[in-house]
Amino acid sequence: MVACSLAAATLAFSLDAHAGIGAPATDANGVLHYPVTSANEGSTPNDLRVVLPAGLLATDQRRFLYVLPVEAGVTTAYGDPVATVRALGVLDAFGLILVVPSFTQIPWYGDNPTDPTLRQETYFVDDIVAGLDALYSSTSQPGDSGVPLPPRRLLLGFSKSGFGAVSLLLRHGHLFDAAAAWDAPLNQTALSSLPGMQTVFGTQSNFDAYAIPNALPLDAVELAGPARFWLGGYSSQTSWRNDMVAVHTQMTGLGVAHVWVDGPMRAHRWDSGWIGNAVAFLNQAAPELDGGVDAGAEAGADGSADAGMGGDADAGVATTADASADARPETSDASGDAAARGCAGGCAVGTAPWSPRAGAWALALVLLGLIRRMPRGPLGSLSLVMVLLPHGRCP
């Protein structure tokens, strides 16, 4: 079956691609570079980097790992996020599509209230996410009704982009499945002189709508259930550790389940050893729908999750809201179940996302997410039923 065994590269671009995303070029390392032009970012094309997992099938559910940049343009001042993630082996182990966008201004993932060419949130959601959903849309599973599996979208960032990851999940909880943030200024409530902050948000009243301490109480009910946030730290930038602790404490008080990993201290960079645990958590938070068996479970069973960790063990003891009886301390070798939880080295997971009780929550949230993404009426109901039916891979 030629259609079922398409190589990943052949899935990279369609002539009917989303407006604004041009044809890609492939570099010597196999990274796809898409030029993206959008009125939301001015007239200068931005570089959108994409790396596909090995063996991606046309029928596979798309699972996007959005690694959010810290600086404008494409720089390696804080390490290379593409090289760091690829070196861990998690893309192939978990079947993740790596996506690293770029921005003309220092990204804070907000929209300026008066400048239509500085709308970073709209650019990311409407141009990048929607564009890649169209470019990499999954075909129907063999024997089903022709309805493709809905994509899963995961957010990863640190520092300013950690703020962006948490903010985007809070503001677009129906669109993104989970977010991981490390050593980030999450507790900011005042528009300050942090690089790029005033340029992007413009006014205090506009920033008020993005400030995480303001948004959490409003979204606490919607965020009930299994953990969708991974919060970790810290670096020598003590102020960011204080911010992370403050938001962890706020989430705990509100009953928002999350994984909390406090330490050890690492360099404030992509490649300082924190990404492996964060990605392992994200993989478990949004499992692949594939014939009733998720990619994360398969990876954990054969040890590939552990292989992807790269010795990334966090020594700090993590605590979260409503720590449950089965959220037991893990060993420091970042192996087995600890790697799958994304909290190797010792942690408790709020509201027990992998317990039987949380399983019911997970099913409810999956159903809610599917219903939100599908059309109303008989067709939408049929689509929901068909998506939940077992699907098989091509031989």
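If you're wondering where the values come from, they're calculated on a predicted model, not measured in any experiment.

**Quick notes on the pattern of salt bridges**
A full pass over the atoms with the stated rule returns eight salt bridges. Here Asp80 and Arg49 are joined by a salt bridge, their closest N and O atoms 3.9 Å apart. A residue pair is termed long-range when its members are at least 10 positions apart, and Asp80 in the loop between strand S4 (63–67) and helix H1 (81–88) and Arg49 in strand S3 (residues 46–51) qualify at 31 residues. For Asp80, a relative accessible area of 27% translates into the label partly exposed. By relative accessible area, which is 11% here, Arg49 ends up buried. For Arg241, the salt bridge goes to Asp262, with nearest N and O atoms at 2.9 Å. In this pair, Arg241 sits in helix H8 (residues 238–254) while Asp262 sits in strand S9 (residues 258–262), placing the two residues 21 residues apart along the sequence. A residue is classified by how much of its surface remains accessible, and Arg241, at 28% relative accessible area, is partly exposed.

**Some words on the sheet that holds S9**
Ordered by their spatial adjacency, nine strands build an open sheet running S1-S2-S3-S5-S4-S6-S7-S8-S9, and the pairing between neighbours is mixed. The outermost strands of the open sheet, each flanked by one partner alone, are strand S1 (25–26) and S9. As paired strands, S4 and strand S6 (residues 152–158) are joined by five bridges and run parallel to one another. Across the sheet, Phe64 pairs through a bridge with Arg153, a residue of S6. In this fold helix H4 (residues 160–171) packs onto S6, strand S7 (178–182) and strand S8 (229–233), with an angle of close to 150° to the strand it touches most, S6. Along the sheet face, helix H9 (residues 275–285) touches S4, S6, S7, S8 and S9 and points at about 160° away from the line of S6.

**Examining the packing of aromatic side chains**
Per the stated rule, a full pass over the model turns up 18 aromatic pairs. With 6.0 Å between their ring centres and 25° between their planes, Trp270 and Trp274 make a pair best called stacked. An identical accessibility class is assigned to Trp270 and Trp274; each is buried. Members of the aromatic cluster, connected to one another through ring pairs, are Tyr78, Phe158, Trp182, Trp270 and Trp274. Over the face of the ring belonging to Tyr210 we find Arg171, whose NZ or CZ atom lies 3.9 Å from the ring centre.

**What about the packing of helix H7 (residues 212–219) against H8?**
Where H7 contacts H8, the axes come no closer than 10 Å and their chain directions differ by 15°. Here H8 runs roughly parallel to H7, going by the angle between their axes. In this structure, H7 meets H8 at a crossing whose hand is right-handed. In this structure, H7 contributes Ile212, Pro213, Leu216 and Pro217 to the contact, and H8 contributes Val247, Gln250, Met251 and Leu254. Partitioned by chemical class, the residues of the contact of H7 with H8 number seven nonpolar, one polar and no charged.

**Overview of the pairing of strand S5 (residues 97–100)**
With burial as the criterion, each face of S5 is covered, one bearing Ile97 and Val99 and the other bearing Leu98 and Val100. Pairing geometry for S3 and S5, over three bridges, is antiparallel. Looking at the pairing, Arg49 lines up with Val100 of S5.

**Regarding H9**
Most of H9 sits inside the fold, with 10 of its 11 residues counted as buried. Along H9, the residues that are buried comprise Ile275, Gly276, Asn277, Ala278, Val279, Ala280, Phe281, Leu282, Asn283 and Gln284.

**A few points about the nonpolar core**
Among the nonpolar cores identified, the biggest contains 55 residues, and Tyr66, Phe124, Leu132 and Leu155 are the most heavily contacted of them. The element contributing the most residues to this core is helix H3 (residues 120–135), with seven residues. Val51, Leu156, Val261 and Ala278 belong to the second largest nonpolar core, which has 33 residues in total.

**Observations concerning the confidence of the model for the protein**
Counting all residues, the mean pLDDT for the protein is 76, and 66% of those residues have values of 70 or more. The low-confidence segment residues 291–319, where pLDDT is below 50, has 75 contacts with residues more than four positions distant or belonging to other chains. Overall, residues 321–395 carries pLDDT values under 50, and its contacts beyond four positions in sequence, including any with other chains, amount to 153 contacts.

**Topic: the environment of Gln284**
Mapped onto the elements of the fold, Gln284 is located in helix H9. Here the alpha-carbon distance between Gln284 and Arg228, two residues 56 residues apart in the chain, equals 9.8 Å.

**Looking at unusual backbone geometry**
Residue Gly233 is joined to Tyr234 through a cis peptide bond whose omega torsion reads 25°. You can see Tyr234 is positioned in the loop between S8 and H8. Here Gly263 and Pro264 are connected by a cis peptide whose omega angle stands at 5°. Tracing the backbone through its elements, the reader meets Pro264 in the loop between S9 and H9. Even without being glycine, Ser159 reaches a positive phi, approximately 55°. By secondary structure assignment, the location of Ser159 is in the loop between S6 and H4. Positive phi outside glycine occurs at Asp183, with the angle close to 50°. Mapped onto the elements, Asp183 comes out in the loop between S7 and helix H5 (197–201). Since its relative accessible area comes to 0%, Asp183 is described here as buried.

Criteria and cut-off values
Residues numbered from 1 in each chain as written. Predicted model: local features only at pLDDT ≥ 70, side-chain atom pairs only at ≥ 80, totals over all residues. Heavy atoms only, no water. Salt bridge = Lys/Arg side-chain N within 4 Å of Asp/Glu carboxyl O. Helix = DSSP H or I, 4+ residues; strand = E, 2+ residues; numbered from the N terminus. Buried < 20%, exposed > 50% of the residue type's maximum accessible area, 1.4 Å probe, protein only. Pairing = 2+ DSSP bridges. Contact = heavy atoms within 4.5 Å. Axes fitted to C-alpha atoms, helices over the stretch in contact; angles between N-to-C directions. Phe/Tyr/Trp six-rings, centres within 6.5 Å; stacked < 30°, edge-to-face > 60°. Lys NZ or Arg CZ within 6 Å of the ring centre and 35° of its normal. Parallel < 35°, antiparallel > 145°, perpendicular 65-115°, else oblique. Left-handed = near helix turned anticlockwise from the far one by under 90°. Nonpolar A, V, L, I, M, F, W, Y, C, P; charged D, E, K, R; others polar. Core = buried A, V, L, I, M, F, W, Y, C linked by side-chain atoms within 4.5 Å. pLDDT = per-residue confidence, 0-100.

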